[in-house]
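# Commentary on secondary and tertiary structure
Spelled out from the first residue to the last, the chains are:
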Amino acid sequence: MKIKFEVKKIKDIRAEVVTSVTFEDSSDQKLQWLNTLYKGSLEPLMETKDFKGSVNQTIVTYVGGETKSKRLQVLGLGNSKEISLEKLRIAYASASKKLNALKLTSVAFEIPDLSFIKSIINHSHSDILQAICEGVFLSQYTTKKYVSKNDFAPFDEIVFFTDSPKYTKEAADAVKNTRIISDAVLMARELENEPSNMLTPEKFAEFVKKSSVKAGYNVTVFDEKKIYQLNMGGVINVSKGSNNPPRFLILQYFGSNKSEKPYVLVGKGVTFDSGGISLKPAQGMEAMKMDMGGAAAVVGAFEAVSKLKLRVNLIGLIPAVENMPSGTAYKPGDVIKSYSGITIEIDNTDAEGRVILADALDYAANYKPKAVIDICTLTGAAIICFGHLLAGLMGNDSELKKKIFNAGEKTYERVWEMPLYDDYDKLMKSDVAEIKNTGPSRQAGTIMGGIFLKKFTGDKYPWAHLDIASVGFNVAESITEYQTPGATGYGVRLFVELLKNLSH
Ligand code: BES
Ligand code: MN
Ligand code: ZN
């Protein structure tokens, strides 16, 4: 896909179609202006008054006069007073999908008056541009990798243009950077959507290793032998039921002084979660190929952060396992010992994510990190709580949580805080070990996940926990125009935004 930013007049843009945008409140003037420019081509449209510029409204028409593109799309952005970054993402994604339906692959999008939008929503020009470009780029993904005849033809040439030379430099940079970020999101989606027969823990590690070389970060992979040597009891036990051995990945990116302490991202990498001996029901089990959405978000963040060369030091920890039932599987009632030595009674083998994360959160302390953030498709209860709109946020550091919240509002990868009051601790008390891996059935399931992890982080470092079971993959009712069926790649944009703010 070729992507360009150009300062040009709309008639001088050469593409199969150019898209011009307008707010509802100035739609008449805009159509008039275009009509004059295109020598009366829009008269029938104006007569019918069919186009009002309402939000996401589009028309595609043919235009005459001295123009390099014969097709014109007009896109409505709705009432200018109600514009937001998310509305821009969705509007540009809707327009993109309309053009995909027409099989047009060389496209050009007008950038609206950034200063005007800034005066309403108080975000920087580059943030506004980022939202616009995200809408276009993120809508261009397809899950049809294993289908030979694919109807969907993504764009292969995209121009963003404006005839105003006011923000040339920042616009060119924003387009370039947003491409990096969006590519990372799409890589995360691709990893998540990959079936578990194609993406075992071993293959996952190989993929990340390969990809890291181009992106410019480092990866160390612990194989099962090394994992045994280190006594990572959580990872060992969860993976015991599977023929596919576990991996433990350590990603490293140094964008700042080597002496500066890193931030650590921890991602749950369950390449398939059958539930193990506490087997899940058949219905919906196929979605559990996406139980490594947290890990994919960490990889995506590394891809983007290293290509953007953010001035920050970053460690990524990914325990990758397959959770399967078999004669060698770990069982309810087992007592296991985590990497730190804390003993865990396994109440339910389907609460496996927290068990492997326990090892990783312990391991994170070795880096004396500035902060640790884990991200995981941890509890079905997060869906009960939030539907598919928000992720659960927990942790021990208000400042860190506030920063994550703000990054969530901006990227629209939103989070909502849940409490980790100590009063919940007793619900996970075990008679035979230091903690159980589940609380009482149907009580605060998402919080119980956080309470369990808190046992391993303690106050060793500032920590935040993101339960993304609710947003890792989508369902028809809540899918937005820039998302695609299946995986969302949630977390990549959130992390990049957060780390941009934490870097210097
Ligand atoms: N991977 C699941 C959580 C999940 C469920 C993610 C639905 C996405 C959609 C996790 O490992 C799990 O099975 N959690 C259990 C925990 C329970 C046994 C305490 C759950 O949510 O039922
Ligand atoms: Mn599970
Ligand atoms: Zn799981």
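Everything below is about the structure shown above.
Source: prediction; values computed, not measured. Residue numbers run consecutively from 1 along every chain, following the written order of its sequence. To label them, take the chains in the order written and letter them from A, then take the ligands in the order written and number them from 1. With the structure being a predicted model, the display of local features is reserved for residues of pLDDT at least 70 and the display and counting of side-chain atom pairs for 80 or more, all residues being used for whole-chain, interface and lining totals. With hydrogens and water set aside, each side-chain value is computed from the structure's full complement of heavy atoms.

## So, the pairing of strand 6 (residues 157–162)
Type-normalised accessible area, obtained with a 1.4 Å probe on protein chains alone, sets the label of each residue: buried when under 20%, exposed when over 50%, and partly exposed for intermediate values. Each helix is a run of DSSP H or I of at least 4 residues and each strand a run of E of at least 2, with the numbering of both proceeding from the N terminus. Among the six residues of strand 6, five are classified as buried, and the element is accordingly described as predominantly covered. Bridge count for strand 1 (residues 2–7) against strand 6 is six bridges, and the pairing is parallel. Across the sheet, the residue bridging to F5 is F160, located in strand 6. Only when DSSP finds a minimum of two bridges between them are two strands counted as paired.

## So, the coordination of the manganese ion (ligand 2)
At the metal site, the manganese ion (ligand 2) is ligated by D273 (OD), D350 (O), D350 (OD) and E352 (OE), and these contacts range over 2.1 to 2.2 Å. Every donor residue of the manganese ion (ligand 2) comes from the same chain, spaced as D-x76-D-x1-E. Here a donor is an N, O or S atom found within 2.8 Å of the metal, or within 3.2 Å if the metal is Na, K or Ca; sites may look incomplete because water is not among the atoms. A spacing of 3.2 Å is found between the manganese ion (ligand 2) and the zinc ion (ligand 3), which share D273 as a donor. Of this pair, D273 sits in strand 10 (residues 269–273) while E352 sits in the loop between strand 13 (343–345) and helix 11 (353–364), and the two are 79 residues apart along the sequence. Like E352, D273 is buried.

## As for the pattern of salt bridges
When a carboxyl oxygen of Asp or Glu is within 4 Å of a side-chain nitrogen of Lys or Arg, the pair counts as a salt bridge. Tallied over the entire structure, the rule returns 27 salt bridges. Residue R89 pairs with E86 through a salt bridge whose shortest N-O separation is 2.8 Å. On the criterion of helical spacing, the pair formed by R89 and E86 is a turn pair, its members being three residues apart in helix 3 (residues 85–101). Taking the relative accessible area as the measure of exposure, E86 reaches 8% and is therefore buried. Here D362 makes a salt bridge to K460, at a shortest N to O gap of 3.3 Å. Remark: K460 occurs in the loop between helix 14 (445–457) and strand 18 (463–467) and D362 occurs in helix 11; sequence separation between them is 98 residues. In this structure D362 comes out as buried when scored by relative accessible area, which is 6%. What you see here is one network of salt bridges that share partners, running through E86, R89, E134, E413 and R493.

## Considering the site of ligand 1
We call a residue near a molecule or strand when any one of its heavy atoms sits within 4 Å of it. Neighbouring ligand 1 are 17 residues, the closest being K280, D291, D350, E352 and G380. Here an oxygen atom of ligand 1 sits 2.9 Å away from a polar atom, N or O, in the side chain of D273. Pairing of N or O atoms within 3.5 Å defines a polar contact, subject to two protein rules: one partner must be a possible hydrogen donor and the other a possible acceptor, and residues neighboring in sequence count only if both atoms are side-chain atoms. Within the side chain of E352, one N or O atom sits 2.8 Å away from an oxygen atom of ligand 1. Relative to its unbound accessible area of 520 Å², ligand 1 is 79% covered by the protein chains. Buriedness for pockets is judged along seven lines, at least five of which must meet protein on both sides within 12 Å for an open set on the 1 Å grid over protein atoms alone, while cavities are sets there where a 1.4 Å probe fits but cannot get out, and lining residues have an atom within 4 Å of a point. A molecule is counted as occupying a cavity or pocket when more than half of its atoms fall within 2 Å of that pocket's grid points. Comparing atom positions with the cavity grids shows ligand 1 to sit within the largest pocket. Each accessible area is a Shrake-Rupley result for a 1.4 Å probe, and residues are judged covered by the shown protein chains and nothing else.

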